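Structural features, examined
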Amino acid sequence: MYKIRPMTADDYDSVIDLMTRTPGISVRDADSRESTVRYLERNPGLSFVAEIGGRLGACVMSGHDGRRGYLQHLVVLPDYRRRGIATALVERCLSELEGLGILKCHIDVFKTNAQASAYWEGQGWTLRTDINRYSFVRTGAENA
Ligand SMILES: CC(C)(COP(=O)(O)OP(=O)(O)OC[C@H]1O[C@@H](n2cnc3c(N)ncnc32)[C@H](O)[C@@H]1OP(=O)(O)O)[C@@H](O)C(=O)NCCC(=O)NCCS
């Protein structure tokens, strides 16, 4: 059995460890401890972890900008996949966001991450082909 609870700053090391060991997940400067704590403080109660057998086995982070919700870093340890844990974590995010009036959410997925794409499409999320996402990085922040 697993237990879902809100992610706290104390979970940082375990979450980064989970992400670092997972192919398809990119760890950036924006995932520093300082940035992650800032994100959690700006978006209280919207990121979650799942504890399984006394260890942190899964995580998801979410937040919003007042209009739209954004999910990121959904990871489940390989041993615990296909038990509905990702779906339960995402539902917690969507439910909390809905409570704040946020009814539409986005997630970025690397085109090379076929497994993640299969997951999101299977959950009814729509692949956007009508939008090009542009990003801009200030000089000196190549891994932003
Ligand atoms: C994608 C991921 C989060 C799914 O986690 P999970 O806990 O196994 O997902 P769930 O058990 O909630 O899956 C629910 C349903 O999604 C679909 N699904 C899940 N993983 C799938 C996969 N690899 N391929 C196709 N469909 C998949 C299935 O329909 C599944 O239901 P089923 O098990 O009854 O068939 C997990 O595989 C993972 O951590 N992958 C590596 C990290 C990653 O790529 N994260 C996404 C970044 S955007």
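Each chain carries its own residue numbering, running from 1 in the written order of its sequence. Per-residue local features of the predicted model are confined to residues with pLDDT of at least 70, and side-chain atom pairs are confined, for both listing and counting, to 80 or more; whole-chain, interface and lining totals are unaffected and use all residues. The side-chain figures draw on all heavy atoms in the structure; neither hydrogens nor water molecules are used.

Under an unreviewed UniProt entry, the name given to the chain is GNAT family N-acetyltransferase, and the source organism is Telmatospirillum siberiense.

1. Focus: the environment of Q115
Numbered from the N terminus, helices here are DSSP runs of H or I no shorter than four residues, and strands are runs of E no shorter than two. Following the sequence through the fold, Q115 ends up in helix α4 (residues 114-122). According to the relative accessible area criterion, Q115 is exposed, its value standing at 55%. A sequence separation of 91 residues divides Q115 from G24, and the C-alpha atoms of the two residues are 8.9 Å apart. Think of it in three bands: residues with accessible area under 20% of the maximum for their type are buried, residues over 50% are exposed, and the middle band is partly exposed, with areas taken using a 1.4 Å probe on protein chains only.

2. Some points on the state of the cysteines
Defined by distance alone, a disulfide is two cysteine sulfur atoms within 2.5 Å. Here the structure, examined in full by the defined rule, presents 0 disulfides. As a non-bridged cysteine, C59 has C93 as the owner of its nearest cysteine sulfur, 10 Å distant. A relative accessible area of 0% means that C59 is categorised as buried.

3. A closer look at the pattern of salt bridges
For this document, the term salt bridge refers to a Lys or Arg side-chain nitrogen within 4 Å of an Asp or Glu carboxyl oxygen. Scanning all chains against the criterion turns up 6 salt bridges. Between E51 and R5 there is a salt bridge whose closest N-O contact spans 2.7 Å. Of this pair, E51 sits in strand β2 (residues 48-52) while R5 sits in strand β1 (residues 2-6), and the two are 46 residues apart along the sequence. Note that R128 and D130 form a salt bridge whose closest N and O atoms lie 2.9 Å from each other. By relative accessible area, which is 36% here, R128 ends up partly exposed. When its relative accessible area of 57% is taken as the criterion, D130 is described as exposed.

4. Some points on helix α1 (residues 12-20)
Listing the buried residues of α1 in full gives Y12, V15, I16, L18 and M19. An end-on view of α1 places all buried positions within 155° of arc, on one side of the element. Residues of α1 that are buried make contact with α2 (33-42), β2, β3 (55-64) and β4 (69-76). What the arc describes is the spread of directions from the helix axis to the C-beta atoms. Residues are treated as being in contact if the distance between any of their heavy atoms lies within 4.5 Å.

5. As for the packing of aromatic side chains
Only the six-membered ring of Trp is used, alongside the rings of Phe and Tyr, when aromatic pairs are assigned; centres must lie within 6.5 Å, and planes under 30 degrees apart are stacked while those over 60 apart are edge-to-face, with the rest tilted. Applying the stated rule across the entire model yields 2 aromatic pairs. For the ring pair Y119 and W120, a centre distance of 5.0 Å and an interplane angle of 75° mean the geometry is edge-to-face. Residue W120 is classed as buried on the basis of its relative accessible area, which comes to 7%.

6. Some thoughts on the nonpolar core
If you look at soluble globular proteins, the nonpolar side chains tend to sit buried side by side. Core analysis: the biggest nonpolar cluster contains 36 residues, and L71, L74, I85, L89 and W120 have the highest contact counts within it. Among the elements of the structure, α1, β2, β3, β4, α3 (85-99) and α4 are those that each provide at least two residues to this core. Examining the composition of this core, we find that 6 residues originate from one element, α3, more than from any other. With near-sequence residues (within four places) excluded, L74 lies in contact with I25, C59, V60, A86, L89, V90, Y119 and W120. Residues grouped as a nonpolar core are buried Ala, Val, Leu, Ile, Met, Phe, Trp, Tyr and Cys residues, joined through side-chain atoms within 4.5 Å.

7. Some words on empty space enclosed by the protein
A cavity here means a set of 1 Å grid points, computed over protein atoms only, where a 1.4 Å probe fits but cannot escape. A pocket is an open set with protein on both sides within 12 Å along at least 5 of 7 lines, and lining residues have an atom within 4 Å of a point. Grid points are joined across faces, edges and corners, and a volume is the space filled by probe spheres set on the points. Taken as a whole and assessed by the stated rule, the structure comprises 1 cavity of 30 Å³ or more. In this structure, the largest cavity spans a volume of roughly 30 Å³. Lining the largest cavity are M7, Y12, V15, I16, M19, D31, T36, M61 and H73. Here the element with the most residues in the lining of the largest cavity is α1; it accounts for 4 residues. In the scheme used here, Gly and all other residues not listed as nonpolar or charged are polar, with Ala, Val, Leu, Ile, Met, Phe, Trp, Tyr, Cys and Pro taken as nonpolar and Asp, Glu, Lys and Arg as charged. Its residues assigned to classes, the lining of the largest cavity comprises 6 nonpolar, 2 polar and 1 charged.

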